[in-house]
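# Summary of structural features
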Amino acid sequence: MGLTSLPAQLAGILIGGIVLAYWFGYGAARWLLPRELAPYQWLLMPAVGLTLFSLVAPPLALLGVNSATLLWILLPLASVVNASAWWRAPRVRDPIAQREMVAPLIIAGGAFLFAVLPLFAYGYLTVLGYNMDGTVYVAQAEFAKQVGLSSQQLRSIPSPFAVPAAEVIEAGVGVGASLWLSLYSQLWQRDAFYLFAPVLALWHASSFLGVFVLYRRMFRLHFWTAILALAALALNGTRLLIPLDNFAPHTFGLVLLPLEWMATQLYFETRTRRAFLLAASSFGAQVICYPQATPFYLLPFALEIALSLRGANTLRHIESGARVGVLAALLCPVAVWMLYENSVPEVGMVAQAIGGTLQTFLSPAEGLGFNALRVLEHPELVAWDTHVRAVWDVLAWGGVLIASALGGVGLYVSFKTERALLAASGVTLLALTGWMVFAQKYPYGFFKVLATSLFVFVALIAFGAQVWIESWRASARGKRWLVVPTLMIVFLFLLLGVSMFWFQNTFAQRAPVVTRKLIQLSNSQNILAPNASIYLALTRRPNPRLYWAAYFLRAHPLFGDGRVAYSEIHNATKGGIYDYALLTRNENPADNDLPDEPVWEDRWTVLYARR
């Protein structure tokens, strides 16, 4: 890349990612955004650009169009749309909205910084999460440069990563995120591995821009209430864990979620063509990015229909929802296929309460961000002082009680002040998270549902604080005690800030999944003979470090008998002779008739040459 320092590399990736997102989104936003959202078009352009990208790129990639060809299609297409918008699209100028855009952009910048801070602890570009997801999405991005995302062509690639990459695609997962990463990697001429964490951080930050517009336009929060809610969301460790733990499809889905909620409600209210087209296209794009969260995409439809039961518009709302669904299916046939591939397997998995790496429920204090996530802790970390932690646990539960009281006030008053979408969303999502805890008893599902629902819960808490302050201001006696709610809010943000610091400190103490030494294997020509065969010491248990080592060695013939990411390979023959063997540190080379001296090693993985 020509940039050596980590800050310079991150700055280049950030600037390039912003330019690409706005290049895809500028013209589309000018043409598609309804009049009610147009004043905030500069905040919504990344989400609209991702929508346009998701409608066009995945179908072509699934047919076998590679990333280089896709760039030649998408960039000129976006250029034409941009030029036509600049020349013919109506211009909307709203001085109030323009002034309001600065604060959410600053918060989004802070969110990006939180998501890349662990990289500064390591000092180089690497992946951050410990799960297997990153190996699959990065491999998909690299394979897309060769054959697109055609699962049939992927299976023809002689690599152990080709099969799990193809199987994940056939299950309808990861296409949008992997393809964006592939195109951006193609532009940078850099392996997708190095761009993975910064790209997720960038899209994580972009999601806050849409949430702010949702707060202002749909939930009708005051400006400073929306800003406080947005800042609290950015300081929440549960929300931040989504990009930091390699959940790429979920990260991309959260960018589109506010846009689809707003467009759907606007279509029910106004029946305009722009709202209709945007609701359908953003719905289909979300399914393509993250089909597992489809219940959240359907929620605005269900809520509008349920709320209409009080009047005479129920049939009309049902008809409107059906129209959006039909248009989404016509615009995004890939989304229909993905729902079909996901619906039955996902329902079966959740019904059995299996899947996911989280084995314990997050506490309310952790979920709301008032206490650092204990799921990140492991024996390698330096434990906090027991007494300090015990005191902090008590303070965090105090924050939960205050937030619960404020959220209850916000929920009650939102019903009485014509904020029906906010109130109904809060009730529904509380019921859904409660179902995961008490009926489903599914910790991983609870974590993913809570992380997605937080934008509503935080809005209710902030609105409750707004109501409390306004009621005290209206009272002559209450004015003297305005310092009380102010101190309460300061206390909550103190809990959030310290917990975020604790979160980052915990992440910094974790040993990187991919060490500098492990990345040396990407230049295998300096270590191994060309086309040398390599035996992988695979087992049935997951070993992300071994998978990443195999990823860097993917240009060589790889053999093994066990699990690679979300699939298995069984191409190693009994008594077979291979040029090299890649073992974990705790394995004895003599058991595999290998010399004692390795040709390469890091803290966890060792490469031996056959005698």
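Data block above holds the structure.
Remember, predicted model here, so these are calculated numbers, not experimental data.

## Here we look at the side chain of Thr515
Relative to the helices and strands, Thr515 is located in the loop between helix H23 (483-509) and helix H24 (516-519). Judged by relative accessible area, Thr515 falls into the buried class, the value being 12%. Polar side-chain contacts of Thr515 include one of 3.0 Å to the backbone nitrogen of Leu518. The contacts of Thr515, once residues within four sequence positions are left out, are Tyr124, Asp602 and Trp604.

## Observations concerning the side chain of Thr584
Within the fold, Thr584 resides in strand E4 (residues 580-584). For Thr584, the side chain forms a polar contact with the side chain of Asn586, separated by 2.7 Å. Setting aside its immediate chain neighbours within four residues, Thr584 contacts Asn543 and Trp604.

## Observations concerning the sheet that holds strand E5 (residues 600-601)
Taken together, the six strands give an open sheet; going across it, the order is E3-E2-E1-E4-E6-E5, and neighbouring strands pair in mixed fashion. Where the open sheet ends on each side, the last strands, each with one partner, are strand E3 (567-570) and E5.

## Section: the nonpolar core
Generally speaking, nonpolar side chains in soluble globular proteins are found buried as a group. The biggest cluster of nonpolar side chains holds 218 residues, and the ones touching the most others in it are Trp180, Phe193, Tyr215, Phe219 and Phe455. Per-element accounting of this core gives the leading share, 20 residues, to helix H10 (residues 192-218). Ignoring anything within four residues of it in the chain, the contact list for Phe193 reads Leu125, Thr126, Val127, Val138, Val514, Ile519, Trp548, Tyr551 and Phe552. If you look at the next biggest cluster of nonpolar residues, it comprises six residues, including Ala581, Leu583, Leu594 and Val606.

## Some remarks on the packing of aromatic side chains
Following the criterion strictly, the structure yields 32 aromatic pairs and no others. Measuring from centroid to centroid gives 6.0 Å for Tyr535 and Tyr578, while their planes differ by 20°, and the two rings are stacked. In this pair, Tyr535 sits in strand E1 (residues 534-536) while Tyr578 sits in the loop between E3 and E4, placing the two residues 43 residues apart along the sequence. An aromatic cluster is present here, built from Phe161, Phe193, Tyr194, Trp548, Tyr551 and Phe552 joined pairwise through their rings.

## A word on a nonpolar patch on the surface
A cluster of nonpolar side chains, Leu113, Leu117 and Phe120, forms an exposed patch at the surface whose accessible area comes to about 240 Å². Among the secondary structure elements, Leu117 is positioned in helix H5 (residues 102-122). The class of Leu117 is partly exposed, set by a relative accessible area of 30%.

## So, helix H13 (residues 248-270)
A rise of 1.5 Å per residue sets the reference length of H13, with its 23 residues, at 33 Å; its end C-alpha atoms lie 34 Å apart and thus fit the reference within 8%. Leu256 marks the point of greatest bend in H13, at about 30°, and the proline Pro258 comes within the next four residues. For H13, the tally of buried residues reaches 21 of 23 residues, placing the bulk of the element in the interior. Immediately downstream of H13, the backbone of Arg271 shows phi near 55°, a positive value.

Reading guide: rules and limits
Residues numbered from 1 in each chain as written. Predicted model: local features only at pLDDT ≥ 70, side-chain atom pairs only at ≥ 80, totals over all residues. Heavy atoms only, no water. Helix = DSSP H or I, 4+ residues; strand = E, 2+ residues; numbered from the N terminus. Buried < 20%, exposed > 50% of the residue type's maximum accessible area, 1.4 Å probe, protein only. Polar contact = N/O pair within 3.5 Å; in protein donor to acceptor, adjacent residues only side chain to side chain. Contact = heavy atoms within 4.5 Å. Pairing = 2+ DSSP bridges. Core = buried A, V, L, I, M, F, W, Y, C linked by side-chain atoms within 4.5 Å. Phe/Tyr/Trp six-rings, centres within 6.5 Å; stacked < 30°, edge-to-face > 60°. Patch = residues over 30% accessible without salt bridge, like charges linked within 9 Å, V, L, I, M, F, W, Y side chains within 5 Å. Areas by Shrake-Rupley, 256 points an atom, 1.4 Å probe, with all protein chains shown as cover. Salt bridge = Lys/Arg side-chain N within 4 Å of Asp/Glu carboxyl O. Expected span 1.5 Å × (residues − 1). Bend = angle between axes of the 7 residues up to and from the residue.

Structural measurements only, silent on function.
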